[in-house]
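Below, each chain spelled out in residue letters.
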Amino acid sequence: VALIETALACALLYAIGTESVAGLFPTRTADLLRAIGIGSRFDSIGRGVIDLRDLTYYGSLILFFLALNTVILESKRWSAGASTRSMRDATKIGVALTAANLLILNLWLAPVQRARVDLTARHEYTVSKTTKDMLQSLSAPLILRGYFSERVHPKLAPLVELIKDMMREYAASSDGRVIVEFVDPHTDKDAEKEANEAYGIKSQQFQMDSHVEQGVLNSYFSILVKYGDQHEVLGFGDLIEVQQTKTDVDVRLKGLEYDLTKTIKKVAYGFQTLESMFADIKTPLEVTAYITPKTLPPNFKDAPDRIKKVLEEVSN
């Protein structure tokens, strides 16, 4: 009975973090489920990145269930009388406090992204000092948004995880200046409409030809880099290099860090905050608005007041 219950508990903790389950929920809920899942928590460790948050998570599970196991074994010796009620209540409270403290510890460590060690041979998940210096020099928040479908070509699925890890590393190296988001437009129609209309991001067609599945698969595979009013998109052709071999097709990333850093630099130089723009003005700036309020269309009647309000805010 203990073996079966343990297997079921482990299976449940593993299943809630898988894409089959987490992908059924909105982005924030899905991220929470992945953070709870024991399988999804092991992804970064499996790729050679040791994260303090993952070690703390597994340590917390071990401590909680050891404490629970100790209480259950000790309860076999308890009587049901009033003489042991205080001891029973104190033990239960102790377990509850242990669980609460472990939960608080994990929540406290959740925003800490830099407590990680890259043990891969070529430090594939560690950005260079040049990139770190550029990220930390940003004066406004920069958005890195990955548009990836849950179902992609089997050869691309491992590369999606590599890209996500690198994007998270950018966020960890920026001291909060880079915001990383992941969106599956196939599950969010509003996000798909925004991607298509505002940024020109379209799905890519991939030919599926295997013993399991044949046909055409439409998947999103793009990264949006947005800084202020400037944005650039890295699509499939910008990220992936495909080479035909004698027996198969070799699919690999081109130069992910180089492409991301170059694109971030491009949008950063193309955008100026109001403070930096006005700092470059050496002589007084005069704005003259020529407006005929009486002949304005009805939907523009409040335009003069809006313009005046904006100019007053800018002048201050």
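Note: the structure precedes this text.
Notes on the structure follow. (Residues numbered from 1 in each chain as written. Predicted model: local features only at pLDDT ≥ 70, side-chain atom pairs only at ≥ 80, totals over all residues. Heavy atoms only, no water.)

## What to know about the layout of surface pockets
Estimates place the volume of the second largest pocket at around 320 Å³. Of all elements in the fold, only helix H1 (2–15) and helix H5 (52–75) reach the threshold of two or more residues within the lining of the second largest pocket. Residue composition of the lining of the second largest pocket, by class: 10 nonpolar, two polar and two charged. (1 Å grid on protein atoms, 1.4 Å probe; cavity = no way out; pocket = protein on both sides within 12 Å on 5 of 7 lines; lining within 4 Å. Points joined across faces, edges and corners; volume = space filled by probe spheres on them. Helix = DSSP H or I, 4+ residues; strand = E, 2+ residues; numbered from the N terminus. Nonpolar A, V, L, I, M, F, W, Y, C, P; charged D, E, K, R; others polar.)

## Points about the sheet that holds strand E8 (residues 230–234)
Taking strand neighbours across the sheet as the criterion, the four strands line up as E4-E3-E7-E8 in an open arrangement whose pairing is mixed. Taken across any chain shown, the strands that pair with only one partner, and hence form the sheet edges, are strand E4 (178–183) and E8. Across the sheet, the axes of successive neighbouring strands diverge by a mean angle of 15°, strand direction being ignored. In this sheet, strand E7 (residues 221–227) lies alongside strand E3 (residues 142–148) in antiparallel orientation, the contact comprising seven bridges. Bridging from a neighbouring strand, Gly-146 pairs with Ile-223 of E7. Seen against the sheet, helix H8 (residues 157–172) touches E3, E4 and E7 and runs at an angle of roughly 155° to E4. (Pairing = 2+ DSSP bridges. Axes fitted to C-alpha atoms, helices over the stretch in contact; angles between N-to-C directions. Contact = heavy atoms within 4.5 Å.)

## Overview of the pattern of salt bridges
Under the counting rule described, the total for this entry stands at nine salt bridges. The shortest N-O distance in the salt bridge between Glu-192 and Lys-189 comes to 3.7 Å. Of this pair, Glu-192 and Lys-189 both sit in helix H9 (residues 189–198), separated by three residues, roughly a single helical turn. When its relative accessible area of 16% is taken as the criterion, Glu-192 is described as buried. Here Asp-302 makes a salt bridge to Arg-306, at a shortest N to O gap of 3.1 Å. Connected through shared salt-bridge partners, Arg-145, Glu-181 and Glu-194 make up one network. (Salt bridge = Lys/Arg side-chain N within 4 Å of Asp/Glu carboxyl O. Buried < 20%, exposed > 50% of the residue type's maximum accessible area, 1.4 Å probe, protein only.)

## Some details on a nonpolar patch on the surface
Residues Leu-285, Val-287, Ile-291, Ile-307 and Leu-311 make up a contiguous nonpolar surface patch of about 420 Å² in total accessible area. Assignment of secondary structure puts Ile-291 in the loop between helix H12 (274–279) and helix H13 (303–315). Judged by its relative accessible area of 33%, Ile-291 falls in the partly exposed class. (Patch = residues over 30% accessible without salt bridge, like charges linked within 9 Å, V, L, I, M, F, W, Y side chains within 5 Å. Areas by Shrake-Rupley, 256 points an atom, 1.4 Å probe, with all protein chains shown as cover.)

## Section: unusual backbone geometry
In this model, Asp-175 sits at a positive phi of 55°, which is unusual for a non-glycine residue. Here Asp-175 shows up in the loop between H8 and E4.

## Thoughts on the packing of H5 against helix H6 (residues 85–109)
H6 packs onto H5 with a crossing angle of 175° between their chain directions and a minimal axis gap of 10 Å. In this view, H5 runs roughly antiparallel relative to H6, as classed from their interaxial angle. Between H5, through Leu-52, Arg-53, Thr-56, Tyr-57, Ser-60, Leu-63, Phe-64, Ala-67, Leu-68 and Val-71, and H6, the contact on the second element is made entirely by Thr-91, Val-95, Ala-99, Leu-102, Leu-105, Asn-106 and Leu-109. Along the lines of polarity and charge, the residues of the contact of H5 with H6 split into 12 nonpolar, four polar and one charged. (Parallel < 35°, antiparallel > 145°, perpendicular 65-115°, else oblique.)

## Re the packing of aromatic side chains
For the structure shown, the criterion picks out five aromatic pairs. Pairing Phe-148 with Phe-221 gives two aromatic rings, centres 5.4 Å apart and planes at 80°, and the pair type is edge-to-face. Residue Phe-148 is found in strand E3, and its partner Phe-221 is found in strand E7; the two are separated by 73 residues along the sequence. A residue is classified by how much of its surface remains accessible, and Phe-148, at 5% relative accessible area, is buried. Aromatic side chains Phe-221 and Phe-236 sit 5.8 Å apart centroid to centroid with 75° between the ring planes, which places their arrangement in the edge-to-face category. (Phe/Tyr/Trp six-rings, centres within 6.5 Å; stacked < 30°, edge-to-face > 60°.)

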